[in-house]
Amino acid sequence: MRSGTRRALLALALGLALPAVARTQQAGAAFLLLPIGSRSVGTGEATVADTLGADGAWWNPASLAPMRRTELSLNGSQSFEGTSAAIGFARPSRALGTLGVSATILDYGDQGVTDPNTGADVGTLSIRSTIAMLTYATPIGDRLRVGLSYKYLRLAFTCSGLCGETPQFVGSSTALDVGAQYVLPTTMPITVGAAVRQLGPDFQVRDAEQADPLPRTWQLGASGRVPSTRLREQDVQVDVMADLLGSLAYESISARLGTTITYRGRYALRGGYTLVEGERGGPSVGLGVFLSDGMVLDLARRFDGFSAQAGQAPTYVSLRFLF
């Protein structure tokens, strides 16, 4: 493998080559910034005040507090960064709150290692990032919800075969997410939310000098349902969301706007827009269908500038089971 290709793969795995706005400083484990869940993507990632079931743990752990049914969620996505799969399970209890467990793996793909003399393939590079998460959320009174998530993250850059000087490493770290939601005492149902994610030690690749800070992120926002008698008569609900997000990985604050139109409680049409300086912002769309009382299919696509240039709009598929 050529050294330039090795460096590009290494940068991608560490998050240094992920398309984003300019950084204030180098951030490690930038795969933590990639979205998980079709519903969140469909509404432009305006999620911090929303309730997303088990998938909400990735955005605001407090969003699990109002759950009334046990949920198992399966998520898959395909984007420029790679192929991702995620699973989440959350079980609510009136006495103890809601406990959730989640995990995701991102496969950046394999790359052949070639002999510099003969050009023959002699090995294979594999890059995988993994996150495992435990979440707890509980309501406090009728309006306040709080939550906490503990994450273990791992990035493995391994090579099989005759790899020569090809770099190999396994890096890991831990992190905490904290969040809250509050239902305002207003006529129009409005929820405000806040979350801080990736609070933890630097992500260490080989030694202390190779460690970079995690992309610590804060997100503030609100969600509300349009109060319309005419819409209710047509069995239609319209929810709107708006968030602000900031991170050590970005220079500027980004805005996220989203809406969900639900018909008869069974069909959902979603739209969103991420306002980010640079190529990472853009529109997104989503669709949700209750296949049965306990099964929901959600689809979403994101159309940012970088994906258009790469020729691949990120696609997200989710299947949720309610018990």
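Within soluble globular proteins, side chains that are nonpolar tend to cluster in buried spots. Counting 31 residues, the largest nonpolar core has Ala29, Phe31, Leu32, Leu153, Leu155 and Leu214 as its most contacted members. The set of elements that each furnish at least two residues to this core consists of β2 (83-93), β3 (97-114), β4 (121-140), β5 (144-161) and β6 (169-183). Top element by residues in this core is β4. It accounts for five residues.

The final tally for this structure, using the stated rule, is ten salt bridges. Among the ionic pairs, Arg216 bridges to Asp202, the shortest N-O distance being 3.7 Å. Remark: Asp202 occurs in the loop between β7 (190-199) and β8 (217-225) and Arg216 occurs in the loop between β7 and β8; sequence separation between them is 14 residues. Asp202 gets classed as partly exposed once you look at its relative accessible area, which sits at 37%. Arg270 serves as the salt-bridge partner of Asp298, at 3.1 Å between the closest nitrogen and oxygen. With Asp298 in strand β13 (residues 295-302) and Arg270 in strand β11 (residues 267-275), this pair connects stretches of sequence that are 28 residues apart. Arg270 matches Asp298 in its accessibility class, with the two residues each being buried. Taken together, the shared-partner salt bridges connect Glu45, Arg256 and Arg302 into one network.

To continue, consider the confidence of the model for the chain. Detailed reading of predicted coordinates is not advised where the pLDDT is low. Summing up the model confidence of the chain, the mean pLDDT is 85 and the portion of residues at 70 or higher is 83%. Confidence, expressed as mean pLDDT per element, reaches its minimum in the chain at helix α1 (residues 3-14) with 48 and its maximum at β7 with 97. Across residues 1-8, where pLDDT falls below 50, the model places eleven contacts with residues more than four positions away in sequence or in other chains. Across residues 16-25, where pLDDT falls below 50, the model places 34 contacts with residues more than four positions away in sequence or in other chains.

Mapped onto the fold, Ser173 is located in strand β6. There is a polar contact of 3.1 Å between the side chain of Ser173 and the backbone oxygen of Pro201. Discounting chain neighbours no more than four positions away, the residues touching Ser173 are Lys151, Tyr152, Leu153, Pro201, Asp202, Phe203 and Leu214.

Attention now goes to the environment of Gly246. Inspection of the secondary structure assignment puts Gly246 in strand β9 (residues 236-247). In this structure the C-alpha to C-alpha distance between Gly246 and Gln219, which are 27 residues apart in sequence, comes to 6.5 Å. Non-local contacts of Gly246, meaning those with residues more than four positions away in its chain, are made with Arg216, Thr217 and Trp218.

Let us now look at the pairing of β13. Alternating residues of β13 divide into Val296, Asp298, Ala300 and Arg302, all buried, and Met295, Leu297, Leu299 and Arg301, none buried. As paired elements, strand β12 (residues 282-292) and β13 share eight bridges and run antiparallel to each other. Paired with Phe290 across the strands is Val296, a residue of β13. Hairpin geometry of β12 and β13 is characterised by an intervening segment of two residues between the two adjacent antiparallel strands. Relative to strand β14 (residues 315-322), β13 is paired through seven bridges, and the arrangement is antiparallel. Among the inter-strand pairings, Asp298 is bridged to a residue of β14, identified as Ser318.

Before going further, it helps to examine the environment of Pro201. Residue placement: Pro201 occurs in the loop between β7 and β8. Given a relative accessible area of 48%, Pro201 falls into the partly exposed group. Taking the C-alpha atoms as reference, Pro201 lies 6.7 Å from Ser173; in sequence the two are 28 residues apart. Those residues in contact with Pro201, other than ones at most four positions away along the chain, are Ser173, Thr174, Leu214 and Arg216.

Here we come to unusual backbone geometry. We note that Asp235 has phi near 60°; this positive angle belongs to a residue other than glycine. Within the secondary structure, Asp235 sits in the loop between α3 (229-233) and β9. One non-glycine residue, Arg264, adopts positive backbone phi at about 55°. Along the chain, the position of Arg264 falls in the loop between β10 (254-263) and β11. Judged by relative accessible area, Arg264 falls into the exposed class, the value being 53%.

Below, the discussion takes up the side chain of Ser79. Along the chain, the position of Ser79 falls in the loop between β1 (71-78) and β2. Only 2.9 Å separates the side chain of Ser79 from the side chain of Glu81, close enough to count as a polar contact.

Rules behind the numbers
- Residues numbered from 1 in each chain as written.
- Predicted model: local features only at pLDDT ≥ 70, side-chain atom pairs only at ≥ 80, totals over all residues.
- Heavy atoms only, no water.
- Core = buried A, V, L, I, M, F, W, Y, C linked by side-chain atoms within 4.5 Å.
- Buried < 20%, exposed > 50% of the residue type's maximum accessible area, 1.4 Å probe, protein only.
- Helix = DSSP H or I, 4+ residues; strand = E, 2+ residues; numbered from the N terminus.
- Salt bridge = Lys/Arg side-chain N within 4 Å of Asp/Glu carboxyl O.
- pLDDT = per-residue confidence, 0-100.
- Contact = heavy atoms within 4.5 Å.
- Polar contact = N/O pair within 3.5 Å; in protein donor to acceptor, adjacent residues only side chain to side chain.
- Pairing = 2+ DSSP bridges.

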